[in-house]
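# A structural walkthrough
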Amino acid sequence: MFINNGYLPDWFLIEVLSRLPLKCVFRYKCVSKRCRFLISSPSFASLYISRASLLPQPWTILTNTLYVKGVNYLVQSFLPDLFVDNMVHTRFSTIHFPYIVRPEGKQYKIVAVSDGLVLYESDMSVEVSDYHIYNAITGHCVALPRTSTRFGYVSTGFLTKSEGGSLTSYKVVRFDCQFGESYMLKFEVFSSETGRWRKVVVHMDRAIEIVWLRRPVALNGKLHWIDRRHGILAFDPFSNINQCRVIGLPADIDEQCIDARNNGSPVLLDVHQGRLRYTEVSVKPVYPFGFSGFSVWVLDEYDSSSWILQHRVKIRDISFEDCLSSKALNGIIPTPIAFHPLDANVFYLGFGDTVVSYDMKTLKLNALVDPAGIRGSLKGTPCWSSAFVLMLPPWPISLPSIRKKK
């Protein structure tokens with residue numbers, strides 16, 4: 001009925017192609033001009049996204065340190081439940097980033113992810129930064145102009161806007177984390193629309209202190225940092241660049257968790273299913289030191305700063321795997337690193353050198369994998385406080401070239 005002398009109509013090809021894995025779709029772009037035309041059309045991208053969004057999307061937890069050795073550099077990645085490219089035989093993999101330069105011993109770090117794009121930084125030994133944006137699906141990489149402002153300690157955020165699988169604009173925000181409190185907040189903002197960095201100073205009516213080790217969180221086109229006294233600092237680089245808002249933290253938090261002495265390492269602020277979630281690992285204030293339990297809150301109303309306590313548990317009620325009991329007895333404090341992007345009851349922690357999961361329904365703390373066996377290609381220990389969840393979108397975001405300065 002639909003085949004005439006061996007010719008397949010366009011609608012039939014589209015139906016077949018839209019049901020194939022993404023890598024197969026892109027291979028078929030090389031088969032013929034006709035296939036390339038059909039796959040490149042915006043309507044096909046919308047159809048593919050609508051169907052792929054019904055399926056579980058692959059995701060990865062990335063630690064942030066990369067180390068160049070010879071001609072390659074690698075990033076340690078941990079894939080807990082769903083595996084990119086159906087890699088079901090191993091729980092660890094290596095993501096190869098494109099190198100711009102490759103001197104022996106050069107270090108890089110991942111500073112943010114958004115819409116399947118990875119923002120990473122080189123030249124960590126100098127005060128100015130050299131950023132690149134990498135598309136984890138297509139392998140396309142864009143180098144940003146070098147920054148012009150010298151900050152002592154920097155916390156960097158990354159925001160994207162996209163429509164129909166195409167990137168419309170993005171911002172990279174550098175925040176100057178000063179020692180102690182300050183009424184004057186200094187930012188440097190890169191805009192893909194202008195291709196330039198812009199210096200921004202925001203004056204606050206209260207003194208703000210941001211610990212640079214904690215990464216910002218992106219939600220609703222804004223970046224969010226934790227201030228250990230006042231709450232969450234929200235900055236909007238798209239529409240309100242001269243102001244910051246402070247969102248209060250839950251009233252019943254354990255204040256010592258965000259104390260400057262431990263750099264806020266027992267807490268995690270992140271986004272889960274469109275809402276901010278705040279998790280803390282309560283710490284025993286007296287000897288023997290260690291952690292005493294977990295608490296999780298959800299920001300129910302963004303505009304009114306209304307928090308709901310989702311979960312709280314004491315250490316005596318947590319079920320440990322045998323290999324984790326000794327870590328708890330030795331006073332090791334776990335660091336929350338990521339929420340499961342699909343299961344609201346599960347989050348992940350770095351427990352010494354071990355990645356663990358905690359289930360709020362079963363109250364079980366399970367060891368998933370110990371990265372010590374693969375650390376030979378990496379320098380140092382994992383920095384759990386800067387781990388990221390990378391979710392690959394159902395259709396690769398098109399990463400445009402940076403506009404040149406006039």
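In what follows, the accompanying structure is described.

This part covers the overall build of the protein chain. Counting its regular elements, the protein chain contains five helices and 25 strands. The buried share of the protein chain, taken over its 406 residues, is 50%. Of the contacts formed within the protein chain by residues at least 6 apart in sequence, a portion of 53% connects residues at least 24 apart. Taken as a whole, the protein chain presents about 19,600 Å² of accessible surface, with 52% of it coming from carbon and sulfur.

This model, assessed by the stated rule, comprises 19 aromatic pairs. Centroid distance W11 to F12: 6.0 Å. Interplanar angle 90°. Geometry classified as edge-to-face. Owing to a relative accessible area of 49%, W11 belongs among the partly exposed residues under this scheme. Taking relative accessible area as the criterion, F12 reaches 23% and is therefore assigned partly exposed.

Moving on, we come to a nonpolar patch on the surface. On the surface, Y153, F179 and W212 cluster together into a nonpolar patch covering about 360 Å² of accessible area. Counting through the fold element by element, F179 comes out in the loop between β9 (166–176) and β10 (182–191).

On to the packing of helix α1 (residues 10–17) against helix α3 (residues 33–40), then. Contact geometry for α1 and α3: axes closest at 11 Å, N-to-C directions at 65°. Judged by the inter-axis angle, α1 sits roughly perpendicular to α3. Read as a crossing pair, α1 and α3 show a hand that is right-handed. In this structure, α1 contributes D10, L13, I14 and L17 to the contact, and α3 contributes R34, L38 and I39. Among the residues forming the contact of α1 with α3, the class breakdown is five nonpolar, no polar and two charged.

Criteria and cut-off values
Residues numbered from 1 in each chain as written. Predicted model: local features only at pLDDT ≥ 70, side-chain atom pairs only at ≥ 80, totals over all residues. Heavy atoms only, no water. Helix = DSSP H or I, 4+ residues; strand = E, 2+ residues; numbered from the N terminus. Buried < 20%, exposed > 50% of the residue type's maximum accessible area, 1.4 Å probe, protein only. Contact = heavy atoms within 4.5 Å. Areas by Shrake-Rupley, 256 points an atom, 1.4 Å probe, with all protein chains shown as cover. Phe/Tyr/Trp six-rings, centres within 6.5 Å; stacked < 30°, edge-to-face > 60°. Patch = residues over 30% accessible without salt bridge, like charges linked within 9 Å, V, L, I, M, F, W, Y side chains within 5 Å. Salt bridge = Lys/Arg side-chain N within 4 Å of Asp/Glu carboxyl O. Axes fitted to C-alpha atoms, helices over the stretch in contact; angles between N-to-C directions. Parallel < 35°, antiparallel > 145°, perpendicular 65-115°, else oblique. Left-handed = near helix turned anticlockwise from the far one by under 90°. Nonpolar A, V, L, I, M, F, W, Y, C, P; charged D, E, K, R; others polar.

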